[in-house]
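A structural walkthrough
One-letter residues, chain by chain:
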Amino acid sequence: MKPLSRRQFLNQSAIGISAALALHADPLGLPIGCQTYPVRDALGKDLEGTLAQLRSIGYRNIEMCSPPGYEKSGYGPLVNKKASEIREAIHKAGLACESCHYQFREMKENLDDRIGYAKDLGLKQMVLSTFGLRAEAGMADWTTAAEELNRIGEKVQKAGMQAGFHNHNFEFKEIDGVLVYDKLMSTLDPKLVKMQFQVSVISLGYEAATYLTKYPGRFISLHLQDWSSAEKKQVAVGQGAVDWKKLFAAAKTGGVKNYFVELNMDQLKASYPYLHELKG
């Protein structure tokens, strides 16, 4: 191998330092990520092109959804691709992927297969997107589902990965005076199942920062959306009611390892500059 000249060495060192400084400037010193679900149709039609577009915006990390589990929800075109092929496309675009969403049924019925796929994809986190319980489910149903996820989480951990749980608005209702989310936190094993907090529950009056500090070390990631109280709809990060500095300060206590903007392409474009320029 031909040795580097002093100029080449200094140039490469400068590039590395610049990249490190740019990353350090992002919230928590972590690469800004995005969930692919809102752009799933584009991803299915043009995997390489859509990944390149996300990277061109500035995103460096993506979260996938399990193609077999989400085959009928937009990821069908990816089902016939090997995990190694998808991983190669992601890396070729200059992106990383450590986390993926899964349906409850596939985790219960096809866990060994999904674990193998996850490892081939290079994942560190397997996140359950929802229990999918009926609207009238009682607290016993939530508890039973959480106990099942503990068992799943144990197998995921033995495979060298971390299981997670992603909330929606469903978990922020009370049953007999107890908030479902709090019940889940008391049932889920803190080591086997970490939480992925969906920030959009601010639409119901619940702040992510409250739970990130209430349950220190229990969180693995965040899904980022902002909320316009006036328009009653999700908006780009930085354009709504969320106190982002407060949230990211609490995220350190919560133990957050990564975060993903989950919005449509136009909102993804509008969210990145705000997050990149956000100072702690």
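Here, every reference points to the structure presented above.
Everything in this summary refers to the structure shown in the same document.

Cut-offs applied
- Residues numbered from 1 in each chain as written.
- Predicted model: local features only at pLDDT ≥ 70, side-chain atom pairs only at ≥ 80, totals over all residues.
- Heavy atoms only, no water.
- Buried < 20%, exposed > 50% of the residue type's maximum accessible area, 1.4 Å probe, protein only.
- Helix = DSSP H or I, 4+ residues; strand = E, 2+ residues; numbered from the N terminus.
- Pairing = 2+ DSSP bridges.
- Right-handed = clockwise from strand over helix to strand, strands pointing away.
- Phe/Tyr/Trp six-rings, centres within 6.5 Å; stacked < 30°, edge-to-face > 60°.
- Axes fitted to C-alpha atoms, helices over the stretch in contact; angles between N-to-C directions.
- Parallel < 35°, antiparallel > 145°, perpendicular 65-115°, else oblique.
- Left-handed = near helix turned anticlockwise from the far one by under 90°.
- Contact = heavy atoms within 4.5 Å.
- Nonpolar A, V, L, I, M, F, W, Y, C, P; charged D, E, K, R; others polar.
- Salt bridge = Lys/Arg side-chain N within 4 Å of Asp/Glu carboxyl O.
- Polar contact = N/O pair within 3.5 Å; in protein donor to acceptor, adjacent residues only side chain to side chain.
- Core = buried A, V, L, I, M, F, W, Y, C linked by side-chain atoms within 4.5 Å.

Time to look at the pairing of strand β2 (residues 61–65). A large share of β2 lies buried, amounting to 5 of its 5 residues. The alternating pattern of β2 places Asn61, Glu63 and Cys65 on one face and Ile62 and Met64 on the opposite face, and all of these are buried. In terms of strand pairing, strand β1 (residues 33–35) meets β2 through 3 bridges, oriented parallel. When the bridges of β2 are listed, Gly33 appears paired with Asn61. This β-α-β element, β2 to helix α4 (residues 83–92) to strand β3 (residues 96–102), shows right-handed connectivity.

For any pair of aromatic rings, the description consists of the separation of the ring centres together with the inter-plane angle of the planes. In the structure shown here, the tally under the stated rule is 17 aromatic pairs. Aromatic pair Tyr206 and Tyr211: ring centres 6.4 Å apart, planes at 50 degrees, arrangement tilted. When its relative accessible area of 7% is taken as the criterion, Tyr211 is described as buried. Through a chain of ring-to-ring contacts, the aromatic side chains of Phe172, Tyr181, Phe197, Tyr206, Tyr211 and Phe219 assemble into a single cluster.

Moving on, we get to the packing of α4 against helix α6 (residues 111–121). α6 packs onto α4 with a crossing angle of 30 degrees between their chain directions and a minimal axis gap of 8 Å. Overall, the two elements α4 and α6 adopt an arrangement that is roughly parallel. Of the two elements, α4 crosses α6, and the hand of that crossing is right-handed. Of the residues in α6, those touching α4 at Ala83, Ser84, Ile86, Arg87 and Ile90 are Tyr117, Lys119, Asp120 and Leu121. Residues belonging to the contact of α4 with α6 are distributed by class as follows: 5 nonpolar, 1 polar and 3 charged.

A few words on the pattern of salt bridges. Per the counting criterion, the structure on display carries 11 salt bridges. We note a salt bridge from Glu98 to Lys124, for which the minimum N-O separation is 3.4 Å. Of the two residues, Glu98 is situated in strand β3 and Lys124 in the loop between α6 and β4 (125–128); the sequence distance between them amounts to 26 residues. On the basis of relative accessible area, Glu98 is assigned to the partly exposed category, the value being 25%. A salt bridge links Arg134 to Asp141, with the shortest nitrogen-to-oxygen separation between them at 3.5 Å. One network of salt bridges, with partners in common, ties together Glu106, Asp113 and Arg114.

With respect to the helices and strands, His223 occurs in strand β9 (residues 219–224). Of note is the side chain of His223, whose polar atom sits 3.3 Å from the side chain of Gln196. Among the polar contacts listed, one links the side chain of His223 to the side chain of Gln198, at a separation of 3.4 Å.

Across soluble globular proteins, nonpolar side chains show a tendency to be buried alongside one another. Counting 88 residues, the largest nonpolar core has Met64, Phe131, Phe219, Leu222 and Leu224 as its most contacted members. The dominant element in this core, judged by the number of residues it contributes, is helix α7 (residues 139–158), at 7 residues. Setting aside residues up to four positions removed in sequence, Leu224 forms contacts with Val199, Val237, Trp244, Phe248, Tyr259, Phe260, Val261, Glu262, Leu263 and Leu275.

Strand order in the closed barrel formed by 8 strands is β1-β2-β3-β4-β5-β8-β9-β12, and the pairing between neighbours is parallel. Neighbour-to-neighbour, the strand axes of the sheet open up by a mean angle of 30 degrees, direction not taken into account. Taken together, the 4 bridges between strand β8 (residues 193–198) and β9 define a ladder with parallel strand orientation. Pairing of Gln198 across the sheet is with His223, part of β9. Sitting on the sheet, α7 is in contact with β4, β5 (162–166) and β8, with an inclination near 145 degrees to β5.

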